[in-house]
Amino acid sequence: MKNLWSDHQARSFVLRYAKAGVNRDRALRVYTSRLLGGEPRLVLHGGGNTSVKTTMPDIMGEKTEVLCVKGSGWDMGDIEPQGLPAVRLQPLRQMVALNKLSDEDMVNAQRINLLDSTSPNPSVETLLHAFLPHKFIDHTHSNAVLSLTDQKGGDALCKRVFGKRMGYVPYIMPGFDLSKKALEVYEADPSVEGLILFKHGIFTFGDTAKEAYGRMIEMVSLAERRLKKARKKVFAAAKLPKKIAGVADIAPILRGLTRHGGKRLIFDFRGGKNILNYVGGKDIRRYACQGTVTPDHVIRTKHKPLILPAPVAGDIDAFKKSSERALAKYVNDYHAYFRRNNARQKIKRTELDPMPRMIMVPGVGVFGLGANAKAAAIAADLAETNIEVITKAERINPYQVISEADIFDLEYWSLEQAKLGKGVEKPLARHVSVVTGGGSGIGAATARALAAEGSEVAVLDRDLKAAQAVAAEFGGLGLSCDVTDGRAVRRAFDAVAKTFGGVDIVVSNAGAAWQGAIGTVSDKILRDSFELNFFAHQSVAQNAVRIMTAQNTGGCLLFNTSKQSVNPGKDFGPYGLPKAATVALMRQYALDYGHLGIKSNAVNADRIRSGLLTDDMVKARSKARGLSRAEYLGGNLLGKEVTAEDVAKAFVDLARSTKTTASIVTVDGGNIAAALR
Ligand code: ZN
């Protein structure tokens, strides 16, 4: 691993933070924490932590010895000084004299000694940092180190690789006991440059930020060199069917099956050669089901993945049935694991939901699962890390980690669960929405409104850049899609299923207005309009229903049908006719798919200031009616201008309503000629 320290960069951190009143020690602590946090083979998603012992003035201006240690909720990759809360060092050090300390007392003691009461909770490994005397301390869950320690004979192997340069700490759950043990190991030989925590990770220390960081990179490089010497061959392959079904075909089925208590999960798929090698191994049940490579992954991935049979292309039903059986067994096993381990707890725990967070499918790859796209991506990242670490361990000896009881203790440890936070979910959380024509106007406003309600959103637009720009506002997916091209629509929906696992809400919004007197208009104009304003809606709805049916969790179809569908405008036949047909289409879907819980509704908008109604169109239409622009835009019963955001709200309202189908909502400020009844 490359040492990325740069004197120039270090200096620029010191200078930059000095302006904000941050001292040199803390500035350099930020610098090397970011170096470590920017390397996923060392630190992933809140794993790992760092500290520095320095002095800061208290409220009276008195120089106070403090430990600045990584705070809960911060990622090292983009940490700031406030992500390293300052805790008075003396009171922490005194706690070494205690024989026992409960987690609650430990957290309380750390909090009451904060210099700033609004700081996040200091890391669960704070006392370990406090008890050791070194100025700078770095801790990571390095993949290479984990590959060495997480195997049969891993302790001895580590000792051979690092020798006397490192101290060795047996596995103990983080907290007070581990902190005391780490100190004891250090004191037995104060010449060590760091500590290997068996089955957990690595600490290095130094008098300077550069020294502690340099030692981390050096030790990790030693581990990497040893792994390189291992044999290349690993995992005898299982026999797989000749033709394997695609990700987009199986993801919605799995998403439907993994619902728990009515709640769905978002999926994140990962494939590639190394993953296929791993999930296609004959012995996958042995090496993949022993537990996570470092204990704190368990809160995001659970201790075991769900392993499914390979899906045969063209026989999705068989895959569905066998997946159902495998999942039922997984859930039963989880209940049993909980009961077995909860029985020995003094304070009884409440069982977490039993659904897997990693699904491994031979011939296909691995899915990460989570309550939102971010959590799913974290689970998928951790799954990839587990696959890498276990693969490299298995090249030397069989993979081996801590006991099930130790994993349980971590999974159900209140301080670990606290890392996940417990916010109230938004109404459309755990949902996946697709908006066509989402790159501008009503579509963009609707995509934003759905995202604001908690939904994952895929923005489809003919203009890829526009789609991506809107999606980037809320971390969604932007795809290019000409909705009049049936194959492109299928590809786009498959991409959404591959990205999020499925589809729940579809806003078929893309459209455009064609004009022409109906008696003389060319066939071409009429047919072009039907392509976009009717057939495209049909192909979008067909693809939506294909995925929703596979999920078997209901769904919501929404069409933008415009007031033209019920109140034709003069010389707007080419626009109004297909829109009227689309209203009939909406009703047909409501009728044919209601029994599957799929709702189908439409929004009739009129005279929207932005989006479909361009300035030129406003000019032409207001002129045709002898109205000024303001009169035209506000010319409705309420006398209020209607905006794209108003239409977006109607789509969101329909998406949230559970008992409405085959309905049309008007958003036009009141237009009696276009009133439905
Ligand atoms: Zn750790």
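Residues numbered from 1 in each chain as written. Predicted model: local features only at pLDDT ≥ 70, side-chain atom pairs only at ≥ 80, totals over all residues. Heavy atoms only, no water.

(A) Representation of the environment of Glu641 in the model. Mapped onto the fold, Glu641 is located in the loop between α24 (629-634) and α25 (644-656). The exposure class assigned to Glu641 is partly exposed, which follows from its relative accessible area of 40%. Between the C-alpha atom of Glu641 and that of Glu631, which follows or precedes it by ten residues, the distance is 9.3 Å. (Helix = DSSP H or I, 4+ residues; strand = E, 2+ residues; numbered from the N terminus. Buried < 20%, exposed > 50% of the residue type's maximum accessible area, 1.4 Å probe, protein only.)

(B) Inspection of the coordination of the zinc ion at higher detail. Protein coordination at the zinc ion: the donors are Glu125 (OE), His139 (NE2), His141 (NE2) and His200 (NE2), at 2.2 to 2.8 Å from the metal. Taken together, the four donor atoms surrounding the zinc ion define angles of 77 to 166° at the centre, an arrangement classified as irregular. Sequence spacing of the donor residues for the zinc ion, all on one chain, is E-x13-H-x1-H-x58-H. Here His200 lies in the loop between β6 (194-197) and β7 (201-206) and His141 lies in the loop between β4 (136-140) and α6 (143-149), a separation of 59 residues in the sequence. The buried category is assigned to His200, whose relative accessible area is 5%. (Donors = N, O, S within 2.8 Å, 3.2 Å for Na, K, Ca; no water. Tetrahedral: all angles 85-135°; square planar, octahedral: opposite > 155°, others 65-115°.)

(C) Spatial organisation of helix α15 (residues 373-394). Here α15 contains 22 residues, and its C-alpha end-to-end distance of 31 Å stays within 8% of the 32 Å for a straight helix at 1.5 Å per residue. The N-cap of α15, judged by a side-chain oxygen 3.2 Å from the amide nitrogen of Lys374 a few residues on, is Asn372. (Expected span 1.5 Å × (residues − 1). Polar contact = N/O pair within 3.5 Å; in protein donor to acceptor, adjacent residues only side chain to side chain.)

(D) Region of interest: the packing of aromatic side chains. Under the counting rule described, the total for this entry stands at 19 aromatic pairs. Here Phe131 and Phe176 contribute two aromatic rings whose centre-to-centre distance is 6.4 Å and whose plane-to-plane angle is 85°, an arrangement assigned as edge-to-face. Of this pair, Phe131 sits in helix α5 (residues 126-131) while Phe176 sits in helix α8 (residues 176-188), and the two are 45 residues apart along the sequence. Exposure class is identical for Phe131 and Phe176. Each is buried. When the centroid spacing of 5.2 Å and the interplanar angle of 50° are considered together, the rings of Phe338 and Tyr412 count as tilted. Here Phe338 is found in helix α14 (residues 316-342), whereas its partner Tyr412 is found in the loop between α16 (404-411) and α17 (414-420), with 74 residues between them in sequence. Pair check on accessibility: Phe338 and Tyr412 agree, each one buried. An aromatic cluster is present here, built from Tyr334, Tyr337, Phe338, Phe408 and Tyr412 joined pairwise through their rings. Lying across the ring of Phe13, Arg16 places its NZ or CZ 4.6 Å from the centre. (Phe/Tyr/Trp six-rings, centres within 6.5 Å; stacked < 30°, edge-to-face > 60°. Lys NZ or Arg CZ within 6 Å of the ring centre and 35° of its normal.)

(E) Structural detail: the domain arrangement of the protein chain. For the protein chain, the assigned domains are domain 1 (7-228), domain 2 (247-417) and domain 3 (432-674). A straight line from the C-alpha centre of domain 2 to that of domain 3 covers 38 Å. Contacts between domain 2 and domain 3 engage 16 residues on the former and 17 residues on the latter. Approximately 1300 Å² of surface area, both sides summed, lies buried where domain 2 meets domain 3, with 55% of it carried by carbon and sulfur atoms. The largest per-residue losses of area from domain 2 upon contact with domain 3 belong to Ala248, Pro252 and Arg255, which jointly make up 34% of the total buried on that side. Scanning the region where domain 2 abuts domain 3 turns up two salt bridges. A salt bridge links Arg255 to Asp504, with the shortest nitrogen-to-oxygen separation between them at 2.7 Å. In this structure, the connection of domain 2 to domain 3 is made through six residue pairs in polar contact (both at pLDDT 80 or more). Sorting the residues of the side of domain 2 that touches domain 3 by element identifies α10 (247-257) and β8 (266-270) as the ones contributing at least two each. Top element by residues in the side of domain 2 that touches domain 3 is α10. It accounts for eight residues. (Domains from an automatic or database assignment. Contact = heavy atoms within 4.5 Å. Buried area = accessible area lost by both parts, 1.4 Å probe. Salt bridge = Lys/Arg side-chain N within 4 Å of Asp/Glu carboxyl O.)

(F) Fine view of the sheet that holds strand β10 (residues 358-361). Strand order in the open sheet made by the four strands is β8-β11-β10-β9, with mixed pairing throughout. The sheet is open, and its two borders are formed by β8 and β9 (306-307), each paired with just one other strand. Two elements, β9 and β10, share two bridges in a ladder whose sense is parallel. Bridge assignment links Ile307 to a residue of β10, and that residue is Met360. Its contacts with the sheet put α10 on β8, β10 and β11 (365-370), and the angle it makes with β8 is roughly 145°. (Pairing = 2+ DSSP bridges. Axes fitted to C-alpha atoms, helices over the stretch in contact; angles between N-to-C directions.)

(G) Expanded view of a nonpolar patch on the surface. Residues Leu637, Leu638 and Ile672 make up a contiguous nonpolar surface patch of about 380 Å² in total accessible area. Position of Ile672 relative to the elements: it lies in the segment after β18 (663-667). Taking relative accessible area as the criterion, Ile672 reaches 67% and is therefore assigned exposed. (Patch = residues over 30% accessible without salt bridge, like charges linked within 9 Å, V, L, I, M, F, W, Y side chains within 5 Å. Areas by Shrake-Rupley, 256 points an atom, 1.4 Å probe, with all protein chains shown as cover.)

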